[in-house]
Amino acid sequence: MAILTWVPDLDTGIDEIDRQHRRIVDYINKLYELRNTPDREALGDVIAEMVDYTISHFVFEEALIENAGYMFAGPHKKVHDLFTRRVAEMQSRFDAGEDVTAELHGMLSRWLFNHIRNEDHGYVDAAKTYLRMARENSPAGEKAKLKAELLQEIEQRQQKKGWLAKLLGR
């Protein structure tokens, strides 16, 4: 495996999710760059940061899809849990002195892109709908909606006035 390159088909169209995914790719690439380093402490730091960040990403993503009412939120979380256990096991092996860098990099590289393309792209429509509704129901969204309704009301009144003026010959 080599350096991972982000390609457009990995984008979900949900900015925060895409930013988080790209950051995980950056961690995987750091792992690759440090694969032959004699500095186990630096390597351990990257692994620990990557694991922590990935877990926080999973929590964010799971909350989003659960709030969105995504039908497969439960199974999606189980996939995350299985992955987290595999990575934690590799981290434990690393902490015990084993060189798992190449194995970990390969597993992460294959898993992440496959997961994004298959499982994550499945929730995109539900999440985008939820996010759009949340924006529309936020104070700023409510204000924009009220403004649009007022403008529509004014336009309808002006049309009625114009129709009445024509009817009355004015």
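Right above here is the structure, for reference.
In what follows, the accompanying structure is described. Every residue gets a number counted from 1 within its own chain, in the order that chain's sequence is written. Per-residue local features of the predicted model are confined to residues with pLDDT of at least 70, and side-chain atom pairs are confined, for both listing and counting, to 80 or more; whole-chain, interface and lining totals are unaffected and use all residues. As a convention, hydrogens and water are excluded, and side-chain values are obtained from all of the structure's heavy atoms.

## Here we look at the environment of glycine 69
Basically, it comes down to this: A helix here means a DSSP run of H or I that spans at least four residues, while a strand means a run of E at least two residues long, and both kinds are numbered starting from the N terminus. Under the scheme applied here, a residue whose accessible area is under 20% of the maximum for its type counts as buried, over 50% as exposed, and between as partly exposed, the area being computed with a 1.4 Å probe on protein chains only.
Secondary-structure assignment places glycine 69 in the loop between helix 2 (40–67) and helix 3 (73–95). Judged by relative accessible area, which is 55%, glycine 69 ranks as exposed. Counting along the chain gives 58 residues from glycine 69 to alanine 127, while the straight-line C-alpha distance between them is 8.3 Å.

## Remarks on the side chain of aspartate 120
Rules: Residues scored as positive are Lys and Arg, those scored as negative are Asp and Glu, and His as well as the terminal groups of each chain are ignored. By definition here, a salt bridge exists when the distance from a side-chain nitrogen of Lys or Arg to a carboxyl oxygen of Asp or Glu is within 4 Å. Two residues form a contact once any of their heavy atoms are found within 4.5 Å.
By the element assignment, aspartate 120 lies in helix 4 (residues 101–137). For the buried aspartate 120, no salt bridge is present, and the opposite-charge side chain at shortest range is arginine 117, 11 Å distant. Excluding anything up to four places from it in sequence, aspartate 120 contacts His21, Glu61, His76 and His115.

## Looking at the packing of aromatic side chains
By convention here, two paired aromatic rings are described through the distance between centres and the angle between planes. Counted only if it meets this: Centres within 6.5 Å make a pair out of two Phe, Tyr or Trp rings, where for Trp the six-membered ring is used; the pair is then stacked when the planes are under 30 degrees apart, edge-to-face when over 60, and tilted otherwise.
Enumeration over the complete set of coordinates arrives at 7 aromatic pairs. Geometrically, the ring pair formed by tryptophan 6 and phenylalanine 113 is edge-to-face, given 6.4 Å between the ring centres and 90° between the ring planes. With a gap of 107 residues between them, tryptophan 6 in the segment before helix 1 (15–33) and phenylalanine 113 in helix 4 connect regions that are remote in the sequence. For the pair formed by tryptophan 6 and phenylalanine 113, the shared burial category is buried. Centre to centre, the rings of phenylalanine 83 and tryptophan 111 are 3.8 Å apart; their planes meet at 15°, and the pair counts as stacked. Of this pair, phenylalanine 83 sits in helix 3 while tryptophan 111 sits in helix 4, and the two are 28 residues apart along the sequence. Overall, phenylalanine 83 belongs to the buried group, its relative accessible area being 5%.

## Some thoughts on helix 1
Heads up, the condition is: A helix is expected to span 1.5 Å for every residue after the first.
Taking 1.5 Å of rise per residue, 19 residues should cover 27 Å, and helix 1 covers 27 Å from first to last C-alpha, within 8% of that figure. Inspection of helix 1 places Ile17, Asp18, Gln20, His21, Ile24, Val25, Tyr27, Ile28, Asn29, Leu31 and Tyr32 among the buried residues, and these make up the whole buried set. Lining the buried residues of helix 1 we find helix 2 and helix 4.

## Some remarks on the pattern of salt bridges
Under the criterion given, the structure shown has 6 salt bridges. Because the salt bridges share partners, they merge into one network encompassing Arg93, Glu98 and Glu103.

## As for the nonpolar core
Filter applied, for reference: Among buried residues, the Ala, Val, Leu, Ile, Met, Phe, Trp, Tyr and Cys ones that are joined through side-chain atoms within 4.5 Å form a nonpolar core.
In terms of nonpolar packing, the biggest core is built from 27 residues, with Leu31, Leu104, Met107, Leu108 and Leu112 touching the most fellow members. Listed by contribution, the elements that provide at least two residues to this core are helix 1, helix 2, helix 3 and helix 4. Every residue in contact with leucine 108, bar those within four places of it in the chain, is listed here: Ile28, Leu31, Met50, Phe83 and Val87. With 8 residues, the next largest nonpolar core counts Ile14, Leu64, Tyr123 and Ala127 among its residues.

## Some words on the environment of aspartate 99
For clarity, the threshold we go by: Any pair of N or O atoms that falls within 3.5 Å is considered a polar contact. Within protein, one atom must be able to donate a hydrogen and the other to accept it, and sequence-neighbouring residues count only if both atoms are side-chain atoms.
Looking at the element boundaries, aspartate 99 is found in the loop between helix 3 and helix 4. Measuring from C-alpha to C-alpha, the distance between aspartate 99 and asparagine 36 comes to 10.0 Å, with 63 residues separating the pair along the chain. Of note is the side chain of aspartate 99, whose polar atom sits 3.0 Å from the side chain of threonine 101.

## Digging into helix 4
Convention followed: Working definition for bend: take the seven residues up to and ending at a residue and the seven starting at it, fit an axis to each, and measure the angle between the axes.
Its 37 residues give helix 4 an end-to-end C-alpha distance of only 46 Å, which falls more than 12% under 54 Å, the value for a rise of 1.5 Å per residue. At aspartate 120, helix 4 is deflected by roughly 45°, the largest bend along its length.

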